[in-house]
Amino acid sequence: MPTVHFIQTNGQTTSLEVAVGKNLMSFCRDYGFTEIVAECGGSALCATCHVYIDETQGTVFSPVNEVESQMLEFVASERKSNSRLSCQLVINDHCDNLKVYFPDSQI
Ligand code: FES
């Protein structure tokens, strides 16, 4: 099972095993990370599940599609080249040691 490192804005890191096939937003909410709001429940309609994927690891996921890219225009914190909507990301075999950074704010 891949180990994913979740990094909060204060630098605190929580390392957790996440099952392959698990939606990243759902995992964060189930675990209780309050940094992920996910108002729309994963429909790519709210942009409150924003995360930053480590810049060296972005290729472990499919590229940003047009719908995700449009929603990323509405994130509360700065959109960066490594910004993703966590509801659009599914953990896969390449995610071991993935670093996921939470943004300052979702709203
Ligand atoms: S949960 Fe709403 S866009 Fe991801």
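Above this text sits the structure in question.
Report on the accompanying structure. (Residues numbered from 1 in each chain as written. Predicted model: local features only at pLDDT ≥ 70, side-chain atom pairs only at ≥ 80, totals over all residues. Heavy atoms only, no water.)

### Looking at the pairing of strand β1 (residues 3-7)
Worth spelling out the cut-off: For every residue, the accessible area obtained with a 1.4 Å probe (protein chains only) is divided by the maximum for its type, and the residue is called buried under 20%, exposed over 50%, and partly exposed between those limits. Under the scheme used here, helices are H or I runs from DSSP no shorter than 4 residues and strands are E runs no shorter than 2 residues, and both carry numbers assigned from the N terminus. Pairing between two strands requires that DSSP report at least two bridges joining them.
Summarising burial for β1: 4 of the 5 residues are buried, a large majority. Where β1 meets strand β2 (residues 13-17), 5 bridges bridge the pair, whose relative direction is antiparallel. Paired with T3 across the strands is E17, a residue of β2. Two elements, β1 and strand β5 (residues 98-101), share 4 bridges in a ladder whose sense is parallel. Within the sheet, the bridge partner assigned to V4 lies in β5 and is L98.

### Here's the deal with the pattern of salt bridges
Where charged atoms of side chains with opposite charge meet at close range, the side chains can pair. Rule in force here: Here, a salt bridge means any side-chain nitrogen of Lys or Arg that lies within 4 Å of a carboxyl oxygen of Asp or Glu.
Overall, the coordinates contain 3 salt bridges when judged by the stated rule. With its nearest N and O atoms 2.8 Å apart, the salt bridge here joins E68 to R84. With E68 in helix α2 (residues 66-72) and R84 in strand β4 (residues 83-85), this pair connects stretches of sequence that are 16 residues apart. With respect to class, E68 is no different from R84; both count as buried.

### Description of the environment of V37
Here V37 shows up in the loop between α1 (24-31) and β3 (50-53). What makes V37 partly exposed here is its relative accessible area of 29%. Sequence separation between V37 and C49 is 12 residues; the distance between their C-alpha atoms is 5.9 Å.

### Quick word on unusual backbone geometry
Working note: non-glycine residues mostly have negative phi, and peptide bonds are mostly trans. In this structure, A38 is a non-glycine residue whose phi angle is positive, near 55 degrees. Note that A38 resides in the loop between α1 and β3. Despite not being glycine, A47 shows a phi value in the positive range, around 65 degrees. By secondary structure assignment, the location of A47 is in the loop between α1 and β3. Judged by relative accessible area, A47 falls into the buried class, the value being 2%.

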